[in-house]
Amino acid sequence: MNAVLGVSGSIAAYRAADLARELMRAGFTVRVCLTDAAQEFVSVALFEALTGQPCLIDTFDEPERGRMAHIDWARAADVVVVAPATANTLNRLAAGVGDDMLTTLCLASTRPLVLAPAMNPQMYLHEATQASLALLEERGAVIVEPLEGDVACGESGQGKLASIPEIVAAVLETVSVSTVLKGKKVVITSGPTREPIDDVRYITNRSSGKMGSALARAALRLGADVTVVAGPQTARFPSGVSVLRVETAQEMHDLALTAAKGADYIVGAAAVADYHVANRTSGKLRRTAENLELVLSPNPDIIAALAAANPGATVIGFAAEPTSDLSVAQAKLKRKGLFAIAANDVSQAGQGFDTDTNKLDLVFADGRSVSSEMMSKNQCARWFWDQILKES
Ligand SMILES: Cc1cc2nc3c(=O)[nH]c(=O)nc-3n(C[C@H](O)[C@H](O)[C@H](O)COP(=O)(O)O)c2cc1C
(Lines give C-alpha, C1' and ligand atoms only; values in the text may rest on other atoms or scores of the structure.)
Protein backbone atom coordinates (compact mmCIF):
# COMPACT_ATOMS: atom_id res chain seq x y z
CA MET A 1 0.00 0.00 0.00
CA ASN A 2 1.25 3.46 -0.90
CA ALA A 3 0.43 6.67 0.92
CA VAL A 4 1.29 10.19 -0.08
CA LEU A 5 1.61 12.28 3.05
CA GLY A 6 1.13 15.99 2.41
CA VAL A 7 2.53 18.26 5.11
CA SER A 8 1.50 21.91 5.15
CA GLY A 9 2.74 24.88 7.14
CA SER A 10 1.30 24.38 10.59
CA ILE A 11 3.15 24.42 13.87
CA ALA A 12 1.93 20.80 14.17
CA ALA A 13 4.09 19.83 11.14
CA TYR A 14 6.62 18.18 13.46
CA ARG A 15 3.97 15.59 14.34
CA ALA A 16 3.85 14.49 10.69
CA ALA A 17 7.16 12.72 11.35
CA ASP A 18 5.46 10.42 13.87
CA LEU A 19 2.55 10.00 11.51
CA ALA A 20 4.90 8.95 8.68
CA ARG A 21 6.48 6.33 10.98
CA GLU A 22 3.12 5.00 12.19
CA LEU A 23 1.81 4.74 8.63
CA MET A 24 4.96 2.79 7.73
CA ARG A 25 4.40 0.52 10.74
CA ALA A 26 0.85 -0.03 9.47
CA GLY A 27 2.32 -1.31 6.20
CA PHE A 28 2.38 1.76 3.97
CA THR A 29 5.20 2.96 1.78
CA VAL A 30 5.08 6.65 2.59
CA ARG A 31 6.16 9.43 0.26
CA VAL A 32 6.03 12.95 1.62
CA CYS A 33 5.15 16.17 -0.17
CA LEU A 34 5.87 19.39 1.73
CA THR A 35 4.51 22.86 1.06
CA ASP A 36 6.93 25.79 1.14
CA ALA A 37 5.49 26.87 4.49
CA ALA A 38 5.90 23.34 5.92
CA GLN A 39 9.64 23.60 5.26
CA GLU A 40 9.79 26.51 7.70
CA PHE A 41 8.92 23.97 10.41
CA VAL A 42 10.32 20.62 9.22
CA SER A 43 12.90 19.55 6.70
CA VAL A 44 13.03 17.39 3.60
CA ALA A 45 16.02 15.61 5.15
CA LEU A 46 13.92 14.51 8.13
CA PHE A 47 11.26 12.88 5.99
CA GLU A 48 13.67 11.42 3.44
CA ALA A 49 15.66 9.80 6.24
CA LEU A 50 12.52 8.50 7.96
CA THR A 51 10.77 7.13 4.91
CA GLY A 52 13.72 6.17 2.71
CA GLN A 53 11.85 7.89 -0.14
CA PRO A 54 12.46 11.18 -1.94
CA CYS A 55 10.24 14.10 -0.94
CA LEU A 56 8.42 16.38 -3.33
CA ILE A 57 8.42 20.10 -2.65
CA ASP A 58 8.27 21.99 -5.92
CA THR A 59 5.68 21.53 -8.69
CA PHE A 60 8.52 20.90 -11.14
CA ASP A 61 10.39 18.36 -8.98
CA GLU A 62 11.23 15.24 -10.95
CA PRO A 63 12.77 12.52 -8.78
CA GLU A 64 12.62 10.34 -11.91
CA ARG A 65 13.84 12.25 -14.91
CA GLY A 66 11.23 12.72 -17.60
CA ARG A 67 8.35 11.60 -15.36
CA MET A 68 5.72 14.03 -14.13
CA ALA A 69 5.92 13.36 -10.43
CA HIS A 70 2.54 14.85 -9.51
CA ILE A 71 0.84 12.41 -11.90
CA ASP A 72 3.07 9.43 -11.04
CA TRP A 73 2.66 9.88 -7.29
CA ALA A 74 -1.09 10.48 -7.59
CA ARG A 75 -1.50 7.29 -9.66
CA ALA A 76 0.64 5.14 -7.38
CA ALA A 77 -1.04 6.25 -4.15
CA ASP A 78 -3.73 4.21 -2.47
CA VAL A 79 -4.49 7.17 -0.27
CA VAL A 80 -3.48 10.82 0.02
CA VAL A 81 -3.24 12.13 3.57
CA VAL A 82 -2.74 15.82 4.35
CA ALA A 83 -1.68 16.18 7.97
CA PRO A 84 -1.44 18.76 9.27
CA ALA A 85 -3.73 20.53 6.83
CA THR A 86 -3.56 24.32 7.19
CA ALA A 87 -6.54 26.60 6.64
CA ASN A 88 -4.76 27.86 3.53
CA THR A 89 -4.25 24.39 2.08
CA LEU A 90 -7.83 23.33 2.89
CA ASN A 91 -9.20 26.43 1.22
CA ARG A 92 -6.99 25.90 -1.82
CA LEU A 93 -8.04 22.25 -2.06
CA ALA A 94 -11.71 23.20 -1.86
CA ALA A 95 -11.27 25.80 -4.60
CA GLY A 96 -9.41 23.33 -6.83
CA VAL A 97 -6.28 25.49 -6.89
CA GLY A 98 -3.06 23.85 -8.03
CA ASP A 99 -0.41 26.44 -7.23
CA ASP A 100 2.13 24.14 -5.59
CA MET A 101 3.13 20.49 -5.72
CA LEU A 102 0.79 19.30 -2.96
CA THR A 103 -2.38 20.90 -4.34
CA THR A 104 -1.46 19.92 -7.91
CA LEU A 105 -0.93 16.32 -6.80
CA CYS A 106 -4.30 16.33 -4.99
CA LEU A 107 -5.98 17.65 -8.15
CA ALA A 108 -4.42 14.81 -10.14
CA SER A 109 -5.49 12.16 -7.64
CA THR A 110 -8.61 10.02 -7.82
CA ARG A 111 -7.69 8.28 -4.56
CA PRO A 112 -9.30 8.76 -1.16
CA LEU A 113 -8.23 11.97 0.52
CA VAL A 114 -7.82 12.12 4.31
CA LEU A 115 -7.45 15.61 5.79
CA ALA A 116 -6.37 16.35 9.35
CA PRO A 117 -6.75 20.10 9.96
CA ALA A 118 -4.62 21.91 12.55
CA MET A 119 -4.84 25.61 13.20
CA ASN A 120 -5.77 28.43 15.53
CA PRO A 121 -9.42 28.03 16.68
CA GLN A 122 -10.48 31.29 14.96
CA MET A 123 -8.95 30.10 11.70
CA TYR A 124 -10.81 26.82 12.10
CA LEU A 125 -14.11 28.57 12.80
CA HIS A 126 -13.68 31.03 9.95
CA GLU A 127 -16.57 30.74 7.49
CA ALA A 128 -14.18 30.11 4.61
CA THR A 129 -12.51 27.19 6.41
CA GLN A 130 -15.84 25.71 7.50
CA ALA A 131 -17.28 26.06 3.98
CA SER A 132 -14.18 24.40 2.51
CA LEU A 133 -14.36 21.51 4.96
CA ALA A 134 -18.05 21.00 4.20
CA LEU A 135 -17.36 21.06 0.45
CA LEU A 136 -14.38 18.72 0.70
CA GLU A 137 -16.36 16.28 2.84
CA GLU A 138 -19.27 16.46 0.42
CA ARG A 139 -16.85 15.51 -2.35
CA GLY A 140 -15.78 12.47 -0.36
CA ALA A 141 -12.74 13.62 1.63
CA VAL A 142 -12.43 12.11 5.10
CA ILE A 143 -11.94 14.83 7.70
CA VAL A 144 -10.17 13.84 10.90
CA GLU A 145 -11.55 16.59 13.09
CA PRO A 146 -9.12 18.65 15.17
CA LEU A 147 -9.41 18.43 18.93
CA GLU A 148 -10.47 21.01 21.49
CA GLY A 149 -7.82 22.28 23.85
CA ASP A 150 -4.99 24.75 24.27
CA VAL A 151 -3.24 25.47 21.01
CA ALA A 152 0.29 26.72 20.50
CA CYS A 153 -0.75 30.36 20.03
CA GLY A 154 -2.05 30.43 23.60
CA GLU A 155 -5.74 30.30 22.73
CA SER A 156 -8.14 27.56 23.63
CA GLY A 157 -10.70 25.93 21.33
CA GLN A 158 -10.98 23.47 18.48
CA GLY A 159 -7.88 23.36 16.31
CA LYS A 160 -5.33 20.88 17.70
CA LEU A 161 -4.23 18.20 15.26
CA ALA A 162 -6.06 14.93 15.97
CA SER A 163 -4.03 12.20 17.66
CA ILE A 164 -1.69 10.16 15.45
CA PRO A 165 -3.57 6.86 16.23
CA GLU A 166 -6.82 8.57 15.24
CA ILE A 167 -5.36 9.72 11.90
CA VAL A 168 -3.83 6.30 11.21
CA ALA A 169 -7.17 4.60 12.04
CA ALA A 170 -8.99 6.94 9.64
CA VAL A 171 -6.44 6.17 6.89
CA LEU A 172 -6.70 2.41 7.45
CA GLU A 173 -10.46 2.55 7.43
CA THR A 174 -10.49 4.64 4.28
CA VAL A 175 -8.35 2.20 2.33
CA SER A 176 -9.90 -0.99 3.62
CA VAL A 177 -13.11 -1.70 1.80
CA SER A 178 -15.29 -3.52 4.26
CA THR A 179 -18.37 -5.34 3.12
CA VAL A 180 -19.77 -6.51 6.48
CA LEU A 181 -22.81 -4.32 6.05
CA LYS A 182 -23.00 -4.47 2.24
CA GLY A 183 -26.60 -4.63 1.07
CA LYS A 184 -27.82 -3.72 4.55
CA LYS A 185 -30.03 -0.71 5.10
CA VAL A 186 -29.14 1.39 8.13
CA VAL A 187 -31.37 4.23 9.32
CA ILE A 188 -30.10 6.60 12.00
CA THR A 189 -31.80 9.51 13.74
CA SER A 190 -29.37 12.23 14.74
CA GLY A 191 -29.06 15.63 16.37
CA PRO A 192 -31.48 17.66 18.44
CA THR A 193 -35.06 18.60 17.61
CA ARG A 194 -36.53 22.08 17.83
CA GLU A 195 -39.94 22.64 19.33
CA PRO A 196 -41.32 26.07 18.36
CA ILE A 197 -42.68 28.44 21.00
CA ASP A 198 -43.67 30.98 18.36
CA ASP A 199 -42.40 31.64 14.84
CA VAL A 200 -39.01 32.89 16.03
CA ARG A 201 -38.27 30.97 19.24
CA TYR A 202 -37.91 27.32 20.07
CA ILE A 203 -36.96 24.82 22.76
CA THR A 204 -34.01 22.60 21.95
CA ASN A 205 -31.09 20.79 23.62
CA ARG A 206 -27.31 20.63 23.50
CA SER A 207 -26.99 17.80 20.98
CA SER A 208 -24.49 18.59 18.21
CA GLY A 209 -25.28 15.48 16.17
CA LYS A 210 -21.59 14.46 16.28
CA MET A 211 -22.39 10.94 17.52
CA GLY A 212 -25.08 10.44 14.85
CA SER A 213 -22.67 11.63 12.14
CA ALA A 214 -19.94 9.32 13.46
CA LEU A 215 -22.33 6.34 13.49
CA ALA A 216 -23.38 7.12 9.91
CA ARG A 217 -19.74 7.49 8.79
CA ALA A 218 -18.75 4.18 10.41
CA ALA A 219 -21.74 2.32 8.91
CA LEU A 220 -20.96 3.76 5.48
CA ARG A 221 -17.38 2.51 5.73
CA LEU A 222 -18.71 -0.96 6.55
CA GLY A 223 -20.53 -0.91 3.22
CA ALA A 224 -24.06 -0.10 4.44
CA ASP A 225 -26.68 1.90 2.63
CA VAL A 226 -27.10 4.71 5.19
CA THR A 227 -29.97 7.15 5.68
CA VAL A 228 -29.96 9.72 8.47
CA VAL A 229 -33.01 11.61 9.65
CA ALA A 230 -31.27 14.64 11.12
CA GLY A 231 -32.53 17.47 13.29
CA PRO A 232 -30.90 20.92 13.01
CA GLN A 233 -27.42 19.72 13.91
CA THR A 234 -24.04 21.33 13.37
CA ALA A 235 -22.02 18.16 12.64
CA ARG A 236 -21.46 17.34 8.98
CA PHE A 237 -22.15 14.09 7.14
CA PRO A 238 -19.82 12.45 4.61
CA SER A 239 -20.91 12.12 1.01
CA GLY A 240 -22.66 8.83 0.39
CA VAL A 241 -24.98 9.23 3.38
CA SER A 242 -28.53 10.16 2.45
CA VAL A 243 -29.60 12.95 4.84
CA LEU A 244 -33.24 13.85 5.45
CA ARG A 245 -33.58 17.12 7.38
CA VAL A 246 -36.30 17.72 9.93
CA GLU A 247 -36.93 20.19 12.71
CA THR A 248 -39.49 18.96 15.22
CA ALA A 249 -39.86 15.61 16.98
CA GLN A 250 -43.14 15.01 15.16
CA GLU A 251 -41.43 15.59 11.79
CA MET A 252 -38.59 13.26 12.82
CA HIS A 253 -41.12 10.63 13.88
CA ASP A 254 -43.06 10.81 10.60
CA LEU A 255 -40.03 10.84 8.31
CA ALA A 256 -38.11 8.19 10.28
CA LEU A 257 -41.06 5.79 10.13
CA THR A 258 -41.20 6.16 6.36
CA ALA A 259 -37.41 6.00 5.90
CA ALA A 260 -37.06 2.93 8.13
CA LYS A 261 -39.32 0.67 6.06
CA GLY A 262 -37.26 -2.40 5.17
CA ALA A 263 -34.29 -1.30 7.33
CA ASP A 264 -31.97 -3.94 8.76
CA TYR A 265 -30.57 -1.67 11.50
CA ILE A 266 -32.24 1.34 13.08
CA VAL A 267 -30.27 3.52 15.49
CA GLY A 268 -31.95 6.27 17.50
CA ALA A 269 -29.06 8.60 18.27
CA ALA A 270 -31.13 11.79 18.11
CA ALA A 271 -31.74 13.76 21.27
CA VAL A 272 -35.47 14.10 20.72
CA ALA A 273 -37.38 16.63 22.79
CA ASP A 274 -39.77 14.79 25.10
CA TYR A 275 -42.31 17.61 24.87
CA HIS A 276 -43.57 20.19 22.41
CA VAL A 277 -45.29 23.48 23.11
CA ALA A 278 -49.02 22.82 22.84
CA ASN A 279 -49.95 26.51 23.04
CA ARG A 280 -47.52 27.57 20.29
CA THR A 281 -48.22 31.07 19.04
CA SER A 282 -48.00 32.15 15.45
CA GLY A 283 -46.05 35.34 14.83
CA LYS A 284 -43.90 36.65 17.70
CA LEU A 285 -44.88 36.64 21.35
CA ARG A 286 -44.67 40.13 22.82
CA ARG A 287 -43.20 40.95 26.20
CA THR A 288 -45.82 41.83 28.81
CA ALA A 289 -45.71 42.34 32.56
CA GLU A 290 -47.56 39.02 33.07
CA ASN A 291 -46.09 35.55 33.54
CA LEU A 292 -46.13 33.50 30.39
CA GLU A 293 -47.23 29.89 30.65
CA LEU A 294 -46.11 27.35 28.13
CA VAL A 295 -48.10 24.13 28.02
CA LEU A 296 -45.85 21.20 27.18
CA SER A 297 -47.40 18.07 25.68
CA PRO A 298 -45.53 14.79 25.22
CA ASN A 299 -43.94 14.05 21.85
CA PRO A 300 -44.21 10.60 20.25
CA ASP A 301 -41.63 8.06 21.42
CA ILE A 302 -39.78 7.74 18.10
CA ILE A 303 -37.52 4.79 18.85
CA ALA A 304 -40.38 2.78 20.44
CA ALA A 305 -42.54 3.49 17.35
CA LEU A 306 -39.68 2.46 15.06
CA ALA A 307 -39.17 -0.80 16.99
CA ALA A 308 -42.91 -1.60 16.91
CA ALA A 309 -43.21 -0.89 13.18
CA ASN A 310 -40.07 -2.82 12.19
CA PRO A 311 -40.04 -6.17 14.01
CA GLY A 312 -37.48 -7.58 11.56
CA ALA A 313 -34.92 -4.84 12.24
CA THR A 314 -32.22 -4.63 14.88
CA VAL A 315 -33.23 -1.48 16.74
CA ILE A 316 -30.80 0.28 19.07
CA GLY A 317 -31.61 3.33 21.16
CA PHE A 318 -29.38 5.87 22.87
CA ALA A 319 -29.96 7.08 26.39
CA ALA A 320 -28.23 10.14 27.79
CA GLU A 321 -28.50 9.62 31.52
CA PRO A 322 -27.05 11.79 34.26
CA THR A 323 -25.98 8.63 36.11
CA SER A 324 -23.77 5.58 35.70
CA ASP A 325 -26.63 3.36 36.95
CA LEU A 326 -27.50 1.18 33.95
CA SER A 327 -30.83 0.03 35.40
CA VAL A 328 -32.51 3.18 34.00
CA ALA A 329 -31.26 2.35 30.49
CA GLN A 330 -32.24 -1.28 30.94
CA ALA A 331 -35.80 -0.33 31.89
CA LYS A 332 -36.00 1.94 28.82
CA LEU A 333 -34.79 -0.86 26.57
CA LYS A 334 -37.52 -3.23 27.83
CA ARG A 335 -40.27 -0.61 27.69
CA LYS A 336 -39.41 0.35 24.12
CA GLY A 337 -38.82 -3.18 22.78
CA LEU A 338 -35.22 -2.56 21.65
CA PHE A 339 -32.39 -4.94 20.79
CA ALA A 340 -29.92 -2.84 22.76
CA ILE A 341 -29.47 0.60 24.25
CA ALA A 342 -26.30 2.68 24.30
CA ALA A 343 -26.17 4.63 27.52
CA ASN A 344 -23.86 7.53 28.17
CA ASP A 345 -23.44 9.13 31.52
CA VAL A 346 -23.79 12.81 30.67
CA SER A 347 -22.87 13.83 34.21
CA GLN A 348 -19.24 12.99 33.34
CA ALA A 349 -16.92 15.39 31.51
CA GLY A 350 -16.00 14.45 27.95
CA GLN A 351 -19.02 12.31 27.15
CA GLY A 352 -22.44 12.99 25.75
CA PHE A 353 -23.69 16.29 24.40
CA ASP A 354 -21.54 18.49 22.18
CA THR A 355 -18.24 16.82 23.04
CA ASP A 356 -15.71 15.24 20.68
CA THR A 357 -15.34 12.20 22.88
CA ASN A 358 -17.71 9.67 24.31
CA LYS A 359 -17.87 6.56 26.44
CA LEU A 360 -20.73 4.15 25.89
CA ASP A 361 -22.28 1.34 27.91
CA LEU A 362 -24.12 -0.94 25.54
CA VAL A 363 -26.86 -2.83 27.34
CA PHE A 364 -28.53 -5.80 25.65
CA ALA A 365 -32.04 -7.15 26.10
CA ASP A 366 -30.76 -10.18 28.03
CA GLY A 367 -29.21 -7.91 30.64
CA ARG A 368 -25.57 -8.20 29.53
CA SER A 369 -23.62 -5.01 29.00
CA VAL A 370 -20.29 -4.01 27.47
CA SER A 371 -18.47 -0.74 28.05
CA SER A 372 -16.19 1.21 25.77
CA GLU A 373 -13.20 3.28 26.78
CA MET A 374 -13.44 7.07 26.57
CA MET A 375 -12.64 7.65 22.88
CA SER A 376 -13.30 10.02 20.03
CA LYS A 377 -16.86 9.79 18.74
CA ASN A 378 -15.56 8.25 15.49
CA GLN A 379 -13.74 5.53 17.44
CA CYS A 380 -16.79 5.08 19.63
CA ALA A 381 -18.97 4.62 16.53
CA ARG A 382 -16.61 1.96 15.17
CA TRP A 383 -16.67 0.20 18.54
CA PHE A 384 -20.49 0.43 18.57
CA TRP A 385 -20.85 -1.30 15.18
CA ASP A 386 -18.30 -3.98 16.15
CA GLN A 387 -20.37 -4.84 19.21
CA ILE A 388 -23.71 -4.77 17.39
CA LEU A 389 -22.38 -6.96 14.56
CA LYS A 390 -21.00 -9.44 17.09
CA GLU A 391 -24.37 -9.74 18.80
CA SER A 392 -26.93 -9.47 16.01
C1 LIG B 1 4.64 30.13 13.54
C2 LIG B 1 3.50 29.89 12.60
C3 LIG B 1 2.62 28.86 12.86
C4 LIG B 1 1.53 28.62 12.01
N5 LIG B 1 0.67 27.61 12.30
C6 LIG B 1 -0.40 27.40 11.48
C7 LIG B 1 -1.31 26.35 11.77
O8 LIG B 1 -1.17 25.59 12.73
N9 LIG B 1 -2.35 26.18 10.95
C10 LIG B 1 -2.57 27.00 9.86
O11 LIG B 1 -3.57 26.82 9.17
N12 LIG B 1 -1.70 27.98 9.56
C13 LIG B 1 -0.63 28.20 10.34
N14 LIG B 1 0.25 29.21 10.03
C15 LIG B 1 0.02 30.00 8.82
C16 LIG B 1 0.46 29.24 7.59
O17 LIG B 1 1.80 28.81 7.71
C18 LIG B 1 0.26 30.12 6.36
O19 LIG B 1 -1.12 30.38 6.14
C20 LIG B 1 0.88 29.49 5.13
O21 LIG B 1 0.65 30.34 4.00
C22 LIG B 1 0.32 28.13 4.85
O23 LIG B 1 0.85 27.63 3.65
P24 LIG B 1 0.57 26.15 3.18
O25 LIG B 1 -0.89 25.92 3.35
O26 LIG B 1 0.95 26.15 1.74
O27 LIG B 1 1.42 25.24 3.96
C28 LIG B 1 1.33 29.45 10.86
C29 LIG B 1 2.24 30.48 10.61
C30 LIG B 1 3.31 30.71 11.46
C31 LIG B 1 4.25 31.83 11.14
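Calculation criteria
- Residues take numbers from 1 onward in each chain, read along the sequence in its written order.
- Note on the predicted model: pLDDT of at least 70 is required for a residue's local features to be given, and 80 or more for side-chain atom pairs to be given and counted; whole-chain, interface and lining totals, by contrast, use all residues.
- As a rule here, side-chain values cover all heavy atoms of the structure and leave hydrogens and water aside.
- When we say a residue is near a molecule or strand, we mean one of its heavy atoms is within 4 Å of it.
- Polar contacts, as counted here, are pairs of nitrogen or oxygen atoms within 3.5 Å of one another; within protein the pair requires one atom able to donate a hydrogen and one able to accept it, and residues that are adjacent in sequence qualify only if both atoms are side-chain atoms.
- A 1.4 Å probe and the Shrake-Rupley method give the accessible areas. Residues count as covered only by the protein chains that appear here.
- By definition, any uninterrupted DSSP run of H or I lasting at least four residues is a helix, any uninterrupted run of E lasting at least two residues is a strand, and each is numbered from the N terminus.
- Each residue receives one of three labels: charged for Asp, Glu, Lys and Arg, nonpolar for Ala, Val, Leu, Ile, Met, Phe, Trp, Tyr, Cys and Pro, and polar for the others, Gly being one of them.
- Burial classes follow relative accessibility: with a 1.4 Å probe on protein chains only, a residue under 20% of its type's maximum area counts as buried, one over 50% as exposed, and anything between as partly exposed.
- Starting at the helix axis, one direction is taken to each C-beta atom, and the arc is that of these directions.
- We call two residues in contact whenever any of their non-hydrogen atoms come within 4.5 Å of each other.
- For two strands to count as paired, DSSP must find a minimum of two bridges between them.
- Here, axes are lines fitted to C-alpha atoms. For helices the fit covers the stretch in contact, and angles between N-to-C directions go from 0 to 180 degrees.
- Annotation comment: domain bounds sourced from an automatic or database domain assignment.
- Put simply, buried area is the surface a 1.4 Å probe can reach on two separate parts but cannot reach once they are joined, added for both.

Caption draft 1: Examining the site of the ligand more closely. Among the 15 residues in the neighbourhood of the ligand, the closest are listed as G9, S10, T35, T86 and T89. One of the side-chain nitrogen or oxygen atoms of T35 is found 2.7 Å away from an oxygen atom of the ligand. Between the ligand and R92 there is a distance of 3.0 Å, counted from an oxygen atom to a side-chain nitrogen or oxygen. With the chains in place, 63% of the 640 Å² that the ligand exposes on its own is no longer accessible. With four residues, the single largest contributor to the shell around the ligand is helix 4 (residues 87-95). Within the shell around the ligand, the residues separate by chemical class into seven nonpolar, seven polar and one charged.

Caption draft 2: Fine view of helix 1 (residues 15-25). Of the positions making up helix 1, those classed as buried are A16, A17, L19, A20 and L23. Along the axis of helix 1, the buried positions cluster into a sector of 160 degrees, meaning they face one direction only. Along its buried surface, helix 1 packs onto strand 1 (2-7), strand 2 (29-34), helix 2 (44-51), strand 3 (79-85) and helix 8 (164-175). After helix 1 finishes, the residue G27 shows a positive phi value of roughly 110 degrees.

Caption draft 3: Here's a closer look at the sheet that holds strand 2. The strand order across the open sheet built from five strands is 2-1-3-4-5, with neighbouring strands paired in parallel fashion. Single-partner strands in this sheet number two, and they are strand 2 and strand 5 (142-143). Relative to strand 3, strand 1 is paired through four bridges, and the arrangement is parallel. The residue bridging L5 from the neighbouring strand is V81, located in strand 3. Seen against the sheet, helix 5 (residues 101-108) touches strand 1, strand 2, strand 3 and strand 4 (113-117) and runs at an angle of roughly 145 degrees to strand 3.

Caption draft 4: A look at the domain arrangement of the protein chain. By domain assignment, the protein chain separates into domain 1 (2-175) and domain 2 (185-391). Its C-alpha centre places domain 1 at a distance of 34 Å from the equivalent point of domain 2. Taken together, the 18 residues of domain 1 in the interface contact 11 residues of domain 2. When domain 1 packs against domain 2, the two sides together hide about 1200 Å² of surface, and 34% of this comes from carbon and sulfur. The three residues of domain 1 that bury the most area against domain 2 are E137, E166 and E173, which together make up 51% of that side's buried surface.

Caption draft 5: Structural view of the sheet that holds strand 19 (residues 361-364). With mixed pairing, the eight strands of this open sheet are ordered in space as 12-11-8-13-16-17-19-20. One side of each edge strand has no neighbouring strand; the edge strands of this open sheet are strand 12 (242-245) and strand 20 (369-371). Each strand axis lies, on average, 15 degrees off the axis of its neighbour in the sheet, ignoring direction. Note: strand 16 (residues 314-321) against strand 17 (residues 340-345), six bridges, orientation parallel. Considered in strand 17, the bridge of F318 is made with A342. Across the face of the sheet, helix 10 (residues 249-259) comes into contact with strand 8 (185-190), strand 11 (225-230) and strand 12 while running at roughly 165 degrees to strand 11. In the packing of helix 12 (residues 327-336) onto the sheet, the strands contacted are strand 16, strand 17 and strand 19, and the crossing angle to strand 17 comes to about 150 degrees.

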